[in-house]
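# A look at the structure
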Amino acid sequence: DVSSVQMTATRDGENYVLNGTKIFITNGDVCDVVLLFANVPELGERGMTAFLVEADMPGYSKGKKYDKLGMRAATNADQVLEDCRVPSANRLGDEGRGMRIFLELIDHGRIGIAAQANGITGAILERAVDYAKSRKQFGAPLASYQAIGWRLADMYTELEAARLLTYQAAWLADNGQSFRTQAAMAKLYATELAMRTSTLGIQVFGGYGYMMDSPMQRYFRDAKLTEIYEGTSEVQRMVISASLFR
Ligand SMILES: Cc1cc2nc3c(=O)[nH]c(=O)nc-3n(C[C@H](O)[C@H](O)[C@H](O)COP(=O)(O)OP(=O)(O)OC[C@H]3O[C@@H](n4cnc5c(N)ncnc54)[C@H](O)[C@@H]3O)c2cc1C
């Protein structure tokens, strides 16, 4: 619930004084600049404002670093602001424009996560097909069994559908048209597909799929995050259903 942001930005001459903690920030332990949203109390409910905070600003520090289940190539850490003085020049957009900036960013971000999920599904499909061709059981390759082949056919079909949803959202965004609902649909469908196919990928690999030196366990761990960040699947469904009842 973005509207419940707790971080505050109190005006003080040519500066703002920021206080609060942002949790779970990707690459938060290595960033030099961070985009943060804080409420300017004088503006009441419409006070959300965007700031670019630089790591060497007094009062800024990096907080807890997290150990994650997947997506382990990226780090994750809290951002702590304690009476951090941020010059007005570092405000992004006007005061009170933060929510609009956030929504625009996140709508674009959702297309990116949909594409990331499609990449995971594509990798799973490619590896599952290769494995099904080479692994022989009961005297024949796994690929010769319909139980395997049809499930991979479904995976391929759904991947194409997810890609088209993603391309549609990206096309609308590129062409200056409204794309919020399509971005939510693309993210919802592509990420839940990646999660479903990651369990199927492990199944196709059998016991090997469960081992840490198999690629499938990694896709399984990575896919889960795509259903959570840039808005959970539940949040995407809220966005889509809101568009139906507008
Ligand atoms: C690895 C990782 C990296 C991240 N990177 C960033 C980052 O770089 N920047 C950033 O700002 N954030 C980042 N996040 C935060 C991420 O966007 C949030 O964790 C995510 O949006 C979910 O919010 P939450 O954790 O507060 O869950 P909650 O909002 O507490 O939700 C918990 C559960 O309840 C469900 N739920 C909540 N409200 C409703 C409702 N009204 N109806 C139905 N179900 C509901 C949710 O869908 C979820 O299943 C990251 C998180 C992770 C795990």
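Just so we're clear, the structure is a prediction, and the values are computed from it rather than from any experiment.

Definitions and limits used
- Residue positions are given per chain, counting from 1 as you read along its sequence in written order.
- Local features in this predicted model are restricted to residues whose pLDDT is 70 or higher, and side-chain atom pairs enter the listing and the counts only when it is 80 or higher, whereas totals over whole chains, interfaces and linings include all residues.
- Think of the side-chain values as coming from all heavy atoms in the structure, minus any hydrogens and water.
- Whenever a helix is involved, its axis is fitted only over the stretch in contact; in every case the axis is a line through C-alpha atoms, and angles between N-to-C directions fall within 0 to 180 degrees.
- The helix and strand labels rest on DSSP assignments: H or I over at least four residues marks a helix, E over at least two residues marks a strand, and numbering proceeds from the N terminus.
- These descriptions rest on fixed angle ranges, namely under 35 degrees for roughly parallel, over 145 for roughly antiparallel, 65 to 115 for roughly perpendicular, and the rest for oblique.
- Crossing handedness follows the turn of the near helix against the far one: under a right angle anticlockwise gives a left-handed crossing, and clockwise gives a right-handed one.
- Throughout, a contact is declared for two residues whenever any of their heavy atoms are within 4.5 Å.
- Throughout this entry, Asp, Glu, Lys and Arg are counted as charged residues, while Ala, Val, Leu, Ile, Met, Phe, Trp, Tyr, Cys and Pro are counted as nonpolar. The remaining residues, Gly among them, count as polar.
- Any residue with a non-hydrogen atom lying within 4 Å of a molecule or strand is treated as near it.
- Under this definition, polar contacts are N or O atom pairs within 3.5 Å; protein pairs additionally need one hydrogen-donor-capable and one acceptor-capable atom, and for neighbouring residues in sequence, both atoms have to be side-chain atoms.
- Only the protein chains shown count as covering a residue, and every accessible area follows the Shrake-Rupley method with a 1.4 Å probe.
- These domain limits were set by an automatic method or by a database of domain assignments.
- The working definition used for a salt bridge is a side-chain nitrogen of Lys or Arg within 4 Å of a carboxyl oxygen of Asp or Glu.
- Expected span of a helix, by definition, is 1.5 Å for each gap between consecutive residues, and there is one gap fewer than residues.
- Between buried and exposed lies partly exposed: a residue is buried under 20% and exposed over 50% of the maximum accessible area for its type, with that area taken using a 1.4 Å probe on protein chains only.

### A look at the packing of helix α3 (residues 180–205) against helix α4 (residues 215–226)
Between α3 and α4, whose axes approach to 9 Å, the crossing angle comes to 160°. In terms of axis orientation, α3 runs roughly antiparallel to α4. Our pair here, α3 against α4, has a crossing hand that is left-handed. Listed contacts from α4 to Lys187, Thr191, Ala194, Met195, Ser198, Thr199, Gly201, Ile202 and Phe205 of α3 are Pro215, Met216, Gln217, Tyr219, Phe220, Ala223, Lys224 and Thr226. Classifying every residue of the contact of α3 with α4 gives nine nonpolar, six polar and two charged.

### Comments concerning the site of the ligand
In the vicinity of the ligand, the contacting residues are Phe24, Ile25, Thr26, Lys68, Asn76, Leu225, Ile228, Tyr229, Glu230, Thr232, Glu234 and Met238. At 2.6 Å from an oxygen atom of the ligand is found a side-chain nitrogen or oxygen belonging to Thr232. Between the ligand and Glu234 there is a distance of 2.7 Å, counted from an oxygen atom to a side-chain nitrogen or oxygen. Summarising the interface, the protein chains cover 46% of the accessible area of the ligand, which totals 970 Å² for the free molecule. Elements with a contribution of two residues or more to the shell around the ligand: β2 (15–26) and α5 (233–244). Each of two domains, domain 1 (2–92) and domain 2 (98–244), supplies a minimum of three residues to the shell around the ligand.

### Looking at the domain arrangement of the chain
The domain boundaries assigned to the chain delineate domain 1 (2–92) and domain 2 (98–244). Across the boundary between the two partners, domain 1 contributes 12 residues, which contact 12 residues of domain 2. Linking domain 1 with domain 2 are zero salt bridges. Here domain 1 is connected to domain 2 by three residue pairs in polar contact (both at pLDDT 80 or more). In terms of residue count, the dominant contributor to the side of domain 1 that touches domain 2 is strand β4 (residues 48–54) (three residues).

### Some details on helix α2 (residues 146–174)
Look at α2: 41 Å from first C-alpha to last across 29 residues, which is about the 42 Å you get at 1.5 Å a residue. Its buried side turned inward, α2 meets α1 (98–134) and α3. Positive phi appears at Gly176, one or two residues downstream of α2, with a value of about 70°.

### Brief notes about the pattern of salt bridges
Scanning all chains against the criterion turns up 11 salt bridges. Ionic pairing is found between Glu192 and Arg237, a salt bridge with its closest N-O pair at 2.9 Å. Note that Glu192 is positioned in helix α3 and Arg237 in helix α5, a separation of 45 residues in sequence. Classification of Glu192 by relative accessible area gives buried; the value is 19%. By relative accessible area, Arg237 is classed as partly exposed at 39%. Each of Asp107, Arg110 and Arg180 takes part in one network of salt bridges that share partners.

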